[in-house]
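Reading the structure
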Amino acid sequence: MVPKAELHVHLEGTAPPHLIRRLAERNGLKVPDGVFATPDRFAWRDFLDFLQTYDMAASVIRTPEDYRDITYEYLAACAAEGAIYVELIASPDHAALVGLSDEEHLEGIAAGIDDARADHGIEARILLTCIRNFGIDQALRIARYAAGRPHPYVVGFQMAGDEAGYPPAPFAEAYAIAAEAGLGCSVHAGEWAGAESVRAALELPVTRIGHGVRAIEDPALVAEIAERGVVLECCPTSNVVLGVFESFEVHPLPALREAGVRVTLASDDPPYFGATVGGEYAVASERFGMSDDDLRALTRTAVEASFAEPPIREALLAKVGNSDGHAP
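Here goes a summary of the coordinates provided.

The rules behind the values
Residues numbered from 1 in each chain as written. Predicted model: local features only at pLDDT ≥ 70, side-chain atom pairs only at ≥ 80, totals over all residues. Heavy atoms only, no water. Helix = DSSP H or I, 4+ residues; strand = E, 2+ residues; numbered from the N terminus. Buried < 20%, exposed > 50% of the residue type's maximum accessible area, 1.4 Å probe, protein only. Contact = heavy atoms within 4.5 Å. Pairing = 2+ DSSP bridges. Axes fitted to C-alpha atoms, helices over the stretch in contact; angles between N-to-C directions.

**Side note on the environment of Ser285**
Here Ser285 is to be found in helix H13 (residues 277-286). Since its relative accessible area comes to 30%, Ser285 is described here as partly exposed. Among residues more than four places away in sequence, those in contact with Ser285 are Met290 and Leu295.

The structure is reproduced here in structure tokens:
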């Protein structure tokens, strides 16, 4: 089995319907109306409706134990598909909305990471994300909190939310705070906004871009991304299911890779889109024609571009091995 790694998955968005129901019951809550289309499927019509469903489902996640269980169950599932490393995008804003302190939020996630490592041998780290549509002040708060290195597992800073309505430039100060503290930085761009959003994102101190695939609309931008070595965290299934691209056949990941752009694979919000990390690697193999050597190279790229501590990266690279499957 090819070792796998993913750098772009939203923690609250990893909880499948059965787990959301279980957490709601444990917390004495009713899942808000409209969250489920069927017992096994979330309900949403388009991207902004998806964001609303996501927020309603996340509203039943109330305790450190809840965050521990979501983290553990997701990482265990990833390990079963051959994943060796995951970076979890965690939202302090969502935790605060239900009354959890930042410390309780991280305590639960860290417990899930520790338990999954002990039971399944998988490693994980945390990216704290601001939500652009929650405003600049909240972004600054989260950047300052992350910059204080509140937990050894917090290694990066992200920005998610409505990218078309909230371009990145006003959030430059938040990114400067995170970068100056030595945190790895990534930002969502080039998913719901076009190539111009990717170009704007490159003005931030980022080494990775979440999605970024609509850079394909601007060949000069693609060349710049390749030259700078910026890594794109690609989520093909999410893009096709949400309608960013109409099919895998027209998804630009192969063209971006051919142009020299460094790309990785990730599942984004897996149960909402019928995705898994293993499923993304299967898409790359079956739809994009990638060999096992190609897939192993994608994993190497993900580990090299990860924000994990250097000793962790080195240990993970040894697990990935070279394209011939042997350790370096």
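Now that the structure has been shown, we can carry on.
**Points about the sheet that holds strand S9 (residues 231-234)**
Pairing within the open sheet is parallel, and its eight strands lie in the order S1-S4-S5-S6-S7-S8-S9-S10. Of all the strands in the sheet, the pair left with one neighbour each is strand S1 (4-10) and strand S10 (262-265). Between one strand and the next, the sheet's axes are offset by a mean angle of 25°, whatever the strand orientation. In this structure, S9 lies alongside S10, joined through four bridges in parallel fashion. Paired with Cys234 across the strands is Leu265, a residue of S10. Packing against the sheet, helix H5 (residues 102-120) makes contact with strand S4 (83-90), strand S5 (123-131) and strand S6 (154-160), and its axis sits at approximately 155° to S5.

**Digging into the pairing of S5**
Across the nine residues of S5, nine count as buried, placing the element largely inside the fold. Side chains Glu123, Arg125, Leu127, Thr129 and Ile131 of S5 all project onto a buried face; the interleaved residues Ala124, Ile126, Leu128 and Cys130 project onto the opposite face, where all are buried too. One ladder, built from six bridges, connects S4 with S5; its direction is parallel. Looking across to S5, one finds that Val86 is bridged to Ala124. Bridge count for S5 against S6 is six bridges, and the pairing is parallel. If you follow Thr129 over to S6, its bridge partner there is Gln158.

Keep in mind these values describe shape, not function.
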